[in-house]
Amino acid sequence: MSWFGFGFNGFGQISRADVSGQVKCKVNSPVLISDDECKSGVNRSDRRIRACWSSRADLQQTQSGSGVYLSGCVCGPSAQVCVSQGCTDALISETHLTLSFTDRVELWEIKPQQNQLVWKREHELSEHTAALPLVSGGFVQHKPPFFHPLKLCAVSLVLGSEHALLLTADGTLYSWGSGSHGQLGHGALTSLEDPQAVEALWGVPIKAVAAGNWHSAAVSSGGDLYMWGWNESGQLGLPSRGLEEEKRRGNGSGNDDQPMNTDEKSQTDVFISIQAFPALVDIANMSEISRISCGSRHTAAVTSAGDLYTWGWGQYGQLGHGTEHSTDEPTPVDYFSSHSLSVKDVVCGSWNTFVSVVPKETSSVLTETHPGLLN
C-alpha cells in the first residue's frame, strides 16, 4: 500500500522542500509520498495518515513497534519528526495532537519549543477499541473542555468545525452542535446541545460518516451517499449558484449586458446554498461508496471498484484533477485508474487530500511509472 497527496502544500505536508528550500504551495495532481518518509521496517499496510490544514501525522507500524511522525508546519518543510512511540491511533489539529495507547489517551498542546501534555485518561485494554476522537466514556476535542462524556454507545464519531456526528452499532446517526448551515440534517438552522437522531435517515442503516467544516456526509450499508449542510462551493455535489456564476465568467458570458443563454441553462434551474435535510447524491456510472471524507469545503469518496471521486472547492488542487477549479459534480480522479492503481482509503485535510492505493492487476504501465509500488 502506498499513499499519495494533493492540494495545499504550503508547509511541505505533502511534498517536502526542494534542495533550495522552496516548497510548491499548490499540488493539483496526486504525488507519491516518498518512501524515504516511511521508516525502516514499516509495514506499508499498517501506515495511516491523519491531516489538518498545515500538518500531517503518519502512524506507522514497524518491527519494533508503532510511532507517529509529523510533517508540515509543526516541524518545518524539510523535516519529519517522531513525536511518540507505541501509540495505536492519532489525531492532529493546528493546536493539539491526540495520541491513543493501549492503556491511555494523551492530548498534547503543540508548541514551538516543546509540546505540553494538557489532558490524559487511562483505561483498561478492553475498554476502548473505537477510533479517535472516541475514548473510554466519551470523546475528546482539541479545545477546552477537552473531554466530553457520552451516554450513547458509539462506534464512530467525527467532528466538524462546530458540529458532531455520532454513529451507533445499529447504524443510527445522531448529530448536535451548530446548525447554522444545515449541517445537523434536522431540517432547520438551529443548534442542539445534545445528540439527536437524524430522522430523515431513520430506518436507513449507516455504515460511515464524515464531517467538513459546515457540511456532513453519510454512507448507507448499501453504499448510497447522503449529504447535507453548506453547499457554497459545491461540496455537497448539488448545484451551486456561486460555481455556475464562476463558470459563466470564465466562459466570458458573465457581463451584465450578456445574459445567460437560456438554451444552455434554464432560468428555472434550482441552486442549493444550504441543504438542511440529507440529500441522496446520485453519481452516474458509479458503484457503491466504501469510504468518505470531507475537507473544509471539499468532499472525496472511494467506490467499491477502487475509484476516487472528488468535488467542491478546488483552489489549491485538493480535488486532484490537475487544475485549481471547483466543481459541484462528483468527478473521478483519473490519475489512479490511468496508472492501474486501486484506491483503498481517503483522508481529507482542510485544504488537501491523502489517498492510499494498491496496484490493480500487474501491468506494464504500473511497473514503468512507479516500479517501487510492487516491491
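Rules of the game
- Residues numbered from 1 in each chain as written.
- Predicted model: local features only at pLDDT ≥ 70, side-chain atom pairs only at ≥ 80, totals over all residues.
- Heavy atoms only, no water.
- Helix = DSSP H or I, 4+ residues; strand = E, 2+ residues; numbered from the N terminus.
- Buried < 20%, exposed > 50% of the residue type's maximum accessible area, 1.4 Å probe, protein only.
- Contact = heavy atoms within 4.5 Å.
- Pairing = 2+ DSSP bridges.
- Axes fitted to C-alpha atoms, helices over the stretch in contact; angles between N-to-C directions.
- Phe/Tyr/Trp six-rings, centres within 6.5 Å; stacked < 30°, edge-to-face > 60°.
- Lys NZ or Arg CZ within 6 Å of the ring centre and 35° of its normal.

In the nomenclature of an unreviewed UniProt entry, the protein chain corresponds to RCC1 domain-containing protein 1 isoform X2 from the organism Danio rerio.

## Examining the environment of Gly-171
You can see Gly-171 is positioned in the loop between strand 15 (163-168) and strand 16 (173-177). By relative accessible area, Gly-171 is classed as buried at 7%. Residues Gly-171 and Trp-202 lie 31 residues apart in sequence; the distance between their C-alpha atoms is 9.2 Å. Filtering out sequence-adjacent residues up to four positions away, Gly-171 remains in contact with Val-204, Pro-205 and Ile-206.

## Re the sheet that holds strand 14 (residues 154-159)
Reading across the sheet, the 4 strands line up as 14-15-16-17 and stay open at both edges, with antiparallel pairing between neighbours. Looking at strand neighbours, the two that pair on one side only are strand 14 and strand 17 (192-197), the edges of this open sheet. In this sheet, neighbouring strand axes are inclined to one another by 15° on average, regardless of whether the strands run parallel or antiparallel. Pairing of strand 15 with strand 16, which is carried by 5 bridges, proceeds in the antiparallel orientation. When the bridges of strand 16 are listed, Ala-164 appears paired with Trp-176.

## Considerations on the packing of aromatic side chains
A complete count under the given rule lists 15 aromatic pairs for this structure. Relative to Phe-147, the ring of Trp-119 lies with its centre 5.8 Å away and its plane at 10°, an arrangement referred to as stacked. Of this pair, Trp-119 sits in strand 10 (residues 116-122) while Phe-147 sits in strand 13 (residues 147-149), and the two are 28 residues apart along the sequence. By relative accessible area, Trp-119 is classed as buried at 16%. For Phe-147, a relative accessible area of 21% gives the class partly exposed. Aromatic side chains Tyr-316 and Trp-351 sit 4.8 Å apart centroid to centroid with 20° between the ring planes, which places their arrangement in the stacked category. Residue Tyr-316 is found in the loop between strand 24 (308-312) and strand 25 (327-332), and its partner Trp-351 is found in the loop between strand 26 (341-348) and strand 27 (352-359); the two are separated by 35 residues along the sequence. Following the ring pairs from residue to residue traces out a cluster consisting of Phe-8, Phe-11, Trp-53, Trp-313, Tyr-316 and Trp-351. In this structure, Lys-26 packs its charged tip against the face of Tyr-316, placed 5.1 Å from the ring centre. One cation-aromatic arrangement involves Arg-104 over Phe-101; the distance from NZ or CZ to the ring centre is 3.8 Å.

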